[in-house]
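# Reading the structure
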Amino acid sequence: MVQLFINCFFIILGYVSLWFFIACYKKRNDVADIAWGIGYIFICLYLFIKTDRWPVLLLLYSLVFVWGLRLSVHIYNRNKNKKEDFRYQAWRQEWGKNFFWRSYLQVFILQGFILLIIISPVIHAAASSPMNWNVFTWVGLCCWLIGFYFQATADQQLSVFMRQRKKQGEIMQTGLWKYSRHPNYFGEILMWWGVFIITLPLADSVYFIISPVSITLLLVFVSGIPLLEKKYTGNAAFESYKKRTSRLIPMPPRKKPAT
């Protein structure tokens, strides 16, 4: 198993380095967001070629493939013909003369390291003895399907809203976004918990809980929700929306206090 992780590490290192050169050529670091989902597909293709192909493992590859392809296509369509994402623009200004090496280390290499952590349950499964479908397979698959629905539907609803909104600063507050300020992130987190649950019957799988825990912490406390909501600081509509809408887990909106 250790050798398989080492091989995946070097594949990811080469992969993110290639995307760094693409970013330099395109002069936009947000290509890293497109590379994110595709990177998981590359690892699954490598594991598919190099290891056994038992049914539950093929299910894991399929789930990761569907998630990664949909996400990368969505981000590509969202970003094309637009300026570089505001988060990367801010770093470009902040890093100044150190922009190139900090981009390589803090965007691409760091992303590769996180990618290895998140996909670790799948690599562990590929290195393990085959197992049959069981209750954990079904529970994990149900979690993944619910998560996929939330992410894909929320992304689609937001895309339609962004095309139709009448003025800058308007806030998406309908559909799934009525019940969560970040239903797409909720979906992504649930999908990776689903993947982990599928691998639970495997020996030593509990150690790879680092995967869903990491994606949860990243999206909730580091690179997801905090950075996006910082963009709307001072937006009165968002502040009102924030008071009545759950941060992550979909819940009925809180009622406005009586006046």
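Every chain's residues receive numbers from 1 upward, in the order its sequence appears when written. Restriction of local features to residues with pLDDT of at least 70 applies here, the model being predicted, together with a cutoff of 80 or more for giving and counting side-chain atom pairs; totals for whole chains, interfaces and linings are based on all residues. Derived side-chain values reflect all non-hydrogen atoms in the structure, with water molecules and hydrogen atoms excluded from consideration.

### With respect to the overall build of the protein chain
Scanning the protein chain from terminus to terminus reveals 11 helices and 0 strands. Beginning at the N terminus, the succession of helices and strands in the protein chain can be written as α-α-α-α-α-α-α-α-α-α-α. Radius of gyration here is computed from C-alpha atoms only, and the compact-globule reference equals 2.2 Å multiplied by the residue count raised to the power 0.38. Relative to the compact-globule value of 18 Å for 259 residues, the protein chain shows a C-alpha radius of gyration of 19 Å, a close match. Overall size of the protein chain, expressed as C-alpha extent along the three principal axes, is 60 × 50 × 30 Å. Residue exposure (1.4 Å probe, protein chains only): buried if accessible area is under 20% of the type maximum, exposed if over 50%, otherwise partly exposed. For the protein chain, the residues scored as buried account for 49% of the 259 residues in total. Contacts are assigned to residue pairs that have any heavy atoms within 4.5 Å of one another. Put simply, of all contacts in the protein chain between residues at least 6 apart along the chain, 79% involve residues at least 24 apart. Method for areas: the Shrake-Rupley scheme with a 1.4 Å probe, in which residue coverage is limited to the protein chains shown. For the protein chain, the exposed surface amounts to about 14000 Å²; the carbon and sulfur share of it is 66%. Each helix is a run of H or I in the DSSP string that is no shorter than four residues. Each strand is a run of E no shorter than two, and both are numbered from the N terminus.

### Digging into a nonpolar patch on the surface
Taken together, the side chains of Val2, Ile6, Phe9, Phe10 and Leu13 make up a nonpolar region of the molecular surface, amounting to roughly 450 Å² of accessible area. Among the structural elements, Val2 can be located in helix α1 (residues 2–26). When its relative accessible area of 61% is taken as the criterion, Val2 is described as exposed. Note on patches: the residues involved have over 30% relative accessible area and no salt bridge, like charges join within 9 Å, and the nonpolar side chains Val, Leu, Ile, Met, Phe, Trp and Tyr join within 5 Å. Salt bridge criterion: a side-chain nitrogen from Lys or Arg within 4 Å of a carboxyl oxygen from Asp or Glu.

### Brief notes about the environment of Leu110
Its location among the elements puts Leu110 in helix α5 (residues 99–118). Take Leu110: its relative accessible area is 41%, and that puts it in the partly exposed class. For Leu110 and Tyr61, which are 49 residues apart along the polypeptide, the C-alpha to C-alpha distance reads 23 Å.

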